[in-house]
Amino acid sequence: MNVRQFLKCNVCESIIFVRTQLGWLEEYPIRVHCGNCGILISGKAYQDPFNGRFKITFDNSTNVPETNPDYYIEASGELLTEKLQHANFDNKYLYSLPPFFNALFSMGDENYDTFKQNTIGFLSKIKSDWPRVRRIFELFLTGKKEYLKKEVNKHLPVKQFPMNNELEYVRGVHHQYLFFLRPIINENFFKSITKFIWNEINEISKVEGKKLFELAKEFGDNGLLQRYNEKIFSLLTQFVDNFQYMLPVFGIQYLQKNEYKNTKGITTASFEDLKQFYVDCFEVAGELIVLLISYNNLKYRKDFKLMKKKRKDVQLLENYLKLSKGARVEFLDGEENFDKLIIPTIDSSIRNAIGHNTYKYDGAKQELTYYPKGKETTSDAKTISLVDFIEKCWNLFQSINAMAELVYQTQKIYFVGKGNKPINPNIFEVKLKKKKIGRNDPCYCSSGKKYKKCCGNNQ
């Protein structure tokens, strides 16, 4: 369903024709800039699909009867749309197909359905699971082990998650973290990353097993692993708060032709909505790459403290720790294996521009012009679209999830080194008796769930 509104800017009185696709979200933000004076017109859409009710409100503008507009824009809470443009009633977009159909054609039925289900699934988790996941992390970070065990075992089986030592605390919390994010994690990417980390650590352990434990001990004893968990959790909290701003960009991965995004805009966010999120993602990544670099050092130089020869003043890891986060990024050039966890998603040039306030954002064009060296010189200027900037936010957060997996594997090594006994993996195997199962007999299916009656899918 499309809602047509004619908004008169409260500053310059330009008329903006906004065509909003209601879609399947209950509520979402709308951001539109006036094409003439440039002010931000913030809105919010509310929908009650079960009763067929909706409401769309805007600040800095007034609803007026249908008239000849000065500008036209499409709005959607889920999808990329046409950008703001000059309009008249001969404009093809005034009576063209709504954003829903354009996105459907670009994704295809199957991809669109997957995108929709994953989005609804994650929004549902935010509403129902996030308070629980949040308190589990808070209990874990504050060391309230008795309460932590109780909370985790409300939702995970005690047999498989006994929560009886530090190693099991880490494993139980990590499982909750991944389960919460599962709907919006790129499964193929995450599987490849976890396989890569496991294989790399396994190979290192065969050659430098003792030094691998020393690496984990260094980061564990100095409290860095705990600090990393605190940073990851803080960023997760921000991601939950900012998800709806980035939702249409989440949908990019489902496009059959990625060039579709190059001509589209986004109406769920303005640059200011996500500027701080990008900065905080960069800051967290800048801390986590110390661990990443240490693994590179161990793999290639047989000593996790011995740095790659890149700067004369940085010979050891202790020198590297003194660098700014922007300078740390310079050691990532893609030439060593663990670099792939964060390359190419981290971009210190945008972070520098935001930090020095050397950027300009054109809301009407949805373009960010920034000056990486902190000085507004024409030769230094770079310009990207708002969609590209938000995609950088999204991808950087996903890379931090990849590095969070490295933190998790390092914690496991650390606690095993301290004598924590891991659970026997055989506990997860379901042993079935070899007998013919009748239609009314109990059985276990591939999910491992026991049914009162056979469901005909015995495995």
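What counts, and where the lines are drawn
Residues numbered from 1 in each chain as written. Predicted model: local features only at pLDDT ≥ 70, side-chain atom pairs only at ≥ 80, totals over all residues. Heavy atoms only, no water. Pairing = 2+ DSSP bridges. Helix = DSSP H or I, 4+ residues; strand = E, 2+ residues; numbered from the N terminus. Axes fitted to C-alpha atoms, helices over the stretch in contact; angles between N-to-C directions. Salt bridge = Lys/Arg side-chain N within 4 Å of Asp/Glu carboxyl O. Parallel < 35°, antiparallel > 145°, perpendicular 65-115°, else oblique. Left-handed = near helix turned anticlockwise from the far one by under 90°. Contact = heavy atoms within 4.5 Å. Nonpolar A, V, L, I, M, F, W, Y, C, P; charged D, E, K, R; others polar. 1 Å grid on protein atoms, 1.4 Å probe; cavity = no way out; pocket = protein on both sides within 12 Å on 5 of 7 lines; lining within 4 Å. Points joined across faces, edges and corners; volume = space filled by probe spheres on them. Buried < 20%, exposed > 50% of the residue type's maximum accessible area, 1.4 Å probe, protein only. Polar contact = N/O pair within 3.5 Å; in protein donor to acceptor, adjacent residues only side chain to side chain.

## A short note on the sheet that holds strand S10 (residues 367-370)
Next, step 1: Here three strands make up an open sheet; going across it, the order is S9-S10-S11 and the pairing antiparallel. Edge strands, defined here as strands with exactly one partner in the open sheet, are strand S9 (359-362) and strand S11 (382-385). For this sheet the average axis-to-axis angle between neighbouring strands, irrespective of direction, equals 20°.
Next, step 2: Both S10 and S11 contribute to a ladder of four bridges, which runs antiparallel. Considered in S11, the bridge of glutamate 367 is made with serine 385.

## Quick look at the pattern of salt bridges
Next, step 1: One pass over the full model with this rule turns up 31 salt bridges.
Next, step 2: Among the salt bridges present, the one from glutamate 335 reaches lysine 308, with a minimum N-O distance of 3.3 Å. Highlighted residues: glutamate 335 in the loop between helix H10 (325-329) and helix H11 (348-355) and lysine 308 in the loop between helix H8 (271-301) and helix H9 (317-320), separated in sequence by 27 residues.

## Thoughts on the packing of helix H5 (residues 166-181) against helix H12 (residues 386-417)
Two measures define how a pair of helices packs: the angle their axes make with one another and the distance between the axes.
Next, step 1: At a minimum axis distance of 9 Å, the contact between H5 and H12 shows a crossing angle of 165°. On the basis of their axis angle, the class for H5 and H12 is roughly antiparallel. As H5 runs across H12, the sense of the crossing is left-handed. Of the residues in H12, those in contact with Glu166, Leu167, Val170, Arg171, His174, Tyr177, Leu178 and Leu181 of H5 are Asn401, Glu405, Tyr408, Gln411, Lys412, Phe415 and Val416.
Next, step 2: Classifying every residue of the contact of H5 with H12 gives eight nonpolar, three polar and four charged.

## A closer look at the layout of surface pockets
Next, step 1: Here the largest pocket defines a volume of roughly 850 Å³.
Next, step 2: If you trace the largest pocket, you find 32 residues lining it, with His174, His175, Leu178, Phe190 and Thr194 closest to the centre.
Next, step 3: Those elements giving two or more residues to the lining of the largest pocket turn out to be helix H2 (109-128), H5, helix H6 (187-221) and H12.
Next, step 4: Its volume calculated, the second largest pocket comes out at about 540 Å³.
Next, step 5: Leu25, Glu26, Glu27, Leu123 and Gln244 are the residues nearest the centre of the second largest pocket, which is lined by 21 residues in total.
Next, step 6: If you list the elements that add at least two residues to the lining of the second largest pocket, you get strand S3 (27-33), strand S4 (40-48), H2 and helix H7 (224-250).
Next, step 7: Residues that form the lining of the second largest pocket fall into these classes: 11 nonpolar, four polar and six charged.

## Re the sheet that holds strand S7 (residues 71-76)
Next, step 1: On the basis of which strands lie adjacent, the open sheet formed by five strands has the order S6-S1-S2-S7-S8 and mixed pairing. Two strands lie at the open edges of the sheet, namely strand S6 (61-64) and strand S8 (85-86), each paired on one side alone.
Next, step 2: For strand S1 (residues 2-9) and S6, the ladder comprises four bridges, and the chain directions are antiparallel. Bridge pairing in S6 links phenylalanine 6 to valine 64.

## A few points about the side chain of asparagine 420
Next, step 1: Inspection of the secondary structure assignment puts asparagine 420 in the loop between H12 and strand S12 (443-444).
Next, step 2: Classification of asparagine 420 by relative accessible area gives buried; the value is 14%.
Next, step 3: Polar contacts involving the side chain of asparagine 420 include one to the main-chain amide nitrogen of glutamate 166, which spans 2.9 Å.
Next, step 4: Reaching out from asparagine 420, the side chain makes a polar contact with the backbone nitrogen of leucine 167 at a distance of 3.0 Å.
Next, step 5: Apart from residues lying up to four places away in sequence, asparagine 420 is in contact with Asn165, Glu166, Leu167 and Phe415.

## Let's talk about the pairing of S9
Next, step 1: The sheet contact formed by S9 and S10 spans four bridges and is antiparallel. Bridge pairing in S10 links lysine 360 to threonine 369.
Next, step 2: Adjacent in sequence and paired antiparallel, S9 and S10 are bridged by four residues, among which glutamine 366 carries a positive phi angle near 55°.

Geometric values such as these leave the question of function open.
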